[in-house]
Amino acid sequence: QVQLVESGGGLVQSGGSLRLSCAASGLTFSPYAMGWFRQAPGKQREFVAQITWADGYTSYPDSVKGRFTISRDDVKNMVYLQLNGLKPEDTAVYYCAVRSRATHVYDYWGQGTQVTVSN
């Protein structure tokens, strides 16, 4: 049973930084990628970052490019998301997810961690 546990969220002022962590357990396979998504109240879930497991290739949407950085530790099965230059519109619940090689979709999700950015 794959389990993902996020941590590191909190309340931060505009312009501040946070580092989110995601601990993956029960991985009996090497994923294609791991990613971060977020969902703000009343909005659809939004892709934030992805890192491929084999070669560490990263991708971001324009809304966070240059401010957020995803990284991984494949020995510890951890994924991190460094959030810099936070803005109030970054306020959301942030979710970690696994994209498996078999399906190439994100089919394992964590419970999320709240990030709140104040003015």
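Here the structure is a predicted model, which means the values were calculated and not measured. (Residues numbered from 1 in each chain as written. Predicted model: local features only at pLDDT ≥ 70, side-chain atom pairs only at ≥ 80, totals over all residues. Heavy atoms only, no water.)

### With respect to the nonpolar core
The tendency in soluble globular proteins is for nonpolar side chains to be buried side by side.
Okay, so step 1: With 29 residues, the main nonpolar core has Met34, Trp36, Leu81 and Tyr94 as its most contacted residues.
Okay, so step 2: Of all the secondary structure elements, the ones that give two or more residues to this core are strand E3 (18–25), strand E4 (33–39), strand E5 (46–52), strand E7 (68–73), strand E8 (78–83), strand E9 (92–99) and strand E11 (113–118). (Core = buried A, V, L, I, M, F, W, Y, C linked by side-chain atoms within 4.5 Å. Buried < 20%, exposed > 50% of the residue type's maximum accessible area, 1.4 Å probe, protein only. Helix = DSSP H or I, 4+ residues; strand = E, 2+ residues; numbered from the N terminus.)

### Observations concerning the pattern of salt bridges
Okay, so step 1: For the structure shown, the criterion picks out four salt bridges.
Okay, so step 2: We note a salt bridge from Arg38 to Asp90, for which the minimum N-O separation is 2.9 Å. With a gap of 52 residues between them, Arg38 in strand E4 and Asp90 in the loop between E8 and E9 connect regions that are remote in the sequence.
Okay, so step 3: On the basis of relative accessible area, Arg38 is assigned to the buried category, the value being 6%.
Okay, so step 4: In this structure, Asp62 and Lys65 form a salt bridge, with 3.5 Å as the shortest nitrogen-oxygen distance.
Okay, so step 5: A single network of salt bridges, built from pairs that share partners, joins Arg38, Glu46, Arg67 and Asp90. (Salt bridge = Lys/Arg side-chain N within 4 Å of Asp/Glu carboxyl O.)

### Description of the environment of Thr91
Okay, so step 1: Looking at the element boundaries, Thr91 is found in the loop between E8 and E9.
Okay, so step 2: In this structure the C-alpha to C-alpha distance between Thr91 and Thr116, which are 25 residues apart in sequence, comes to 4.6 Å.
Okay, so step 3: Those residues in contact with Thr91 that sit more than four places away from it in its chain are Ala40, Gln114, Val115, Thr116 and Val117.
Okay, so step 4: Of note is the side chain of Thr91, whose polar atom sits 2.9 Å from the backbone oxygen of Pro88.
Okay, so step 5: Separated by 2.9 Å, the side chain of Thr91 and the backbone nitrogen of Val117 make a polar contact. (Contact = heavy atoms within 4.5 Å. Polar contact = N/O pair within 3.5 Å; in protein donor to acceptor, adjacent residues only side chain to side chain.)

### Describing the sheet that holds E3
Okay, so step 1: An order of E1-E3-E8-E7 is seen for the four strands of this open sheet, with the pairing classed as antiparallel. One side of each edge strand has no neighbouring strand; the edge strands of this open sheet are strand E1 (3–7) and E7. Averaged over all neighbouring strand pairs, the angle between strand axes comes to 15°, with direction disregarded.
Okay, so step 2: Bridging between E1 and E3 involves five bridges; their strand directions are antiparallel. Looking at the pairing, Leu4 lines up with Ala24 of E3. (Pairing = 2+ DSSP bridges. Axes fitted to C-alpha atoms, helices over the stretch in contact; angles between N-to-C directions.)

### Let's talk about the packing of aromatic side chains
Okay, so step 1: Counting across every chain of the model gives five aromatic pairs.
Okay, so step 2: When the centroid spacing of 6.1 Å and the interplanar angle of 50° are considered together, the rings of Tyr106 and Trp109 count as tilted.
Okay, so step 3: Taking the relative accessible area as the measure of exposure, Trp109 reaches 28% and is therefore partly exposed.
Okay, so step 4: Directly above the aromatic system of Phe37 lies the positively charged group of Arg45, at a separation of 6.0 Å from the ring centroid.
Okay, so step 5: Over the ring of Trp109 we find Arg45, and its NZ or CZ is 3.9 Å from the ring centre. (Phe/Tyr/Trp six-rings, centres within 6.5 Å; stacked < 30°, edge-to-face > 60°. Lys NZ or Arg CZ within 6 Å of the ring centre and 35° of its normal.)

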